[in-house]
Amino acid sequence: MCFIQVLLGDMGTGKTSLVLRFVKGQFYDFQESTIGAAFFSQVLSINEATVKFDIWDTAGQERYHSLAPMYYRGAAAAVVVYDISSVDTFVRAKKWVQELQRQGNPNLVMVLVANKIDLETKREVDVEEGARYAQDNGMFFIETSAKTAHNVNELFYEIGDFMLQI
Ligand code: GTP
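Residues numbered from 1 in each chain as written. Predicted model: local features only at pLDDT ≥ 70, side-chain atom pairs only at ≥ 80, totals over all residues. Heavy atoms only, no water.

Caption draft 1: Local environment of the layout of surface pockets. Within this model, the largest pocket holds a volume of roughly 420 Å³. Counting residues per element, the ones that place at least two in the lining of the largest pocket are α1 (15–24) and β3 (49–58). Tallied by class, residues from the lining of the largest pocket come to six nonpolar, 12 polar and seven charged. (1 Å grid on protein atoms, 1.4 Å probe; cavity = no way out; pocket = protein on both sides within 12 Å on 5 of 7 lines; lining within 4 Å. Points joined across faces, edges and corners; volume = space filled by probe spheres on them. Helix = DSSP H or I, 4+ residues; strand = E, 2+ residues; numbered from the N terminus. Nonpolar A, V, L, I, M, F, W, Y, C, P; charged D, E, K, R; others polar.)

In structure tokens:
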């Protein structure tokens, strides 16, 4: 089984870092900002099934916003990322969710990811706030850190597991 996934979210929230952590087990403190979009592919074995993830990592800078529909329209799952140390990125994540609800594929599986939980001392968005928003919008919710690898594999396994069941 193969399915297409798209990562959306404000610039600097850690989209590329999450995918690089998942696909290559790497993390860079000075990860370069994505231009346009980047493509990654990964094969996972979940409950004896082989699942191939084709992942579009979109650029968060506002000037690339108009390109996003090209990537999310064909996607089966969308991962919307914010940074727990920046409330502005949470506001931006909610805008992405609204856009996906209006213009995305109606069967799109959506996941809200609160990244950078290693920055707990700088937290601006409470876990309850993120979880409640996700629940109200029928999304999965998970807190991650691309830096420490916390919950990164779990994020992608959960999506794969869910996709296998629908
Ligand atoms: P754009 O490509 O501009 O949309 O950014 P992005 O969302 O892909 O973010 P990127 O992965 O480039 O990460 C931005 C910065 O945040 C980099 O300096 C990363 O090292 C850092 N970063 C990413 N994830 C984490 C994390 O979990 N914890 C911490 N402390 N820093 C992180």
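Caption draft 2: Region of the structure containing unusual backbone geometry. Positive phi, close to 45°, is recorded for N47, a residue that is not glycine. Inspection of the secondary structure puts N47 in the loop between β2 (37–46) and β3. Residue N47 is classed as exposed on the basis of its relative accessible area of 64%. A positive phi angle is found at K116, which is not glycine, with a value near 70°. Within the fold, K116 resides in the loop between β5 (109–115) and α4 (127–136). (Buried < 20%, exposed > 50% of the residue type's maximum accessible area, 1.4 Å probe, protein only.)

Caption draft 3: Structural context of the site of the ligand. Near the ligand there are 24 residues, and of these K15, S17, Y28, S33 and G60 occur at the shortest range. Within the side chain of D118, a nitrogen or oxygen atom sits 2.7 Å from a nitrogen atom of the ligand. Isolated, the ligand exposes 660 Å² of accessible area, and the fraction of that covered by the protein chains is 91%. Judged by its atoms lying within 2 Å of the grid points, the ligand is housed in the largest pocket. (Near = heavy atom within 4 Å. Polar contact = N/O pair within 3.5 Å; in protein donor to acceptor, adjacent residues only side chain to side chain. Areas by Shrake-Rupley, 256 points an atom, 1.4 Å probe, with all protein chains shown as cover. Sits in = over half its atoms within 2 Å of the grid points.)

Caption draft 4: Structural view of the pattern of salt bridges. Applying the stated rule across the entire model yields six salt bridges. Ionic pairing is found between D83 and K116, a salt bridge with its closest N-O pair at 3.4 Å. Here the residue D83 occupies a position in strand β4 (residues 77–83), and K116 occupies one in the loop between β5 and α4, the gap between them amounting to 33 residues. D83 sits in the buried class, given a relative accessible area of 7%. Owing to a relative accessible area of 22%, K116 belongs among the partly exposed residues under this scheme. Through salt bridges with shared partners, a single network forms among E120, R123 and E143. (Salt bridge = Lys/Arg side-chain N within 4 Å of Asp/Glu carboxyl O.)

Caption draft 5: Spatial organisation of α4. Along α4, the residues classified as buried are G130, Y133 and A134. Buried positions in α4, seen along its axis, are confined to an arc of 100° and lie on one side of it. The exposed set on the far side of α4, more than 90 degrees from its buried face, consists of E128, Q135 and D136. Tucked into the core, α4 has its buried residues touching β4, α3 (87–103), β5 and β6 (140–143). Downstream of α4 by a residue or two, G138 has a phi angle that is positive, lying close to 65°. (Arc of directions from axis to C-beta. Contact = heavy atoms within 4.5 Å.)

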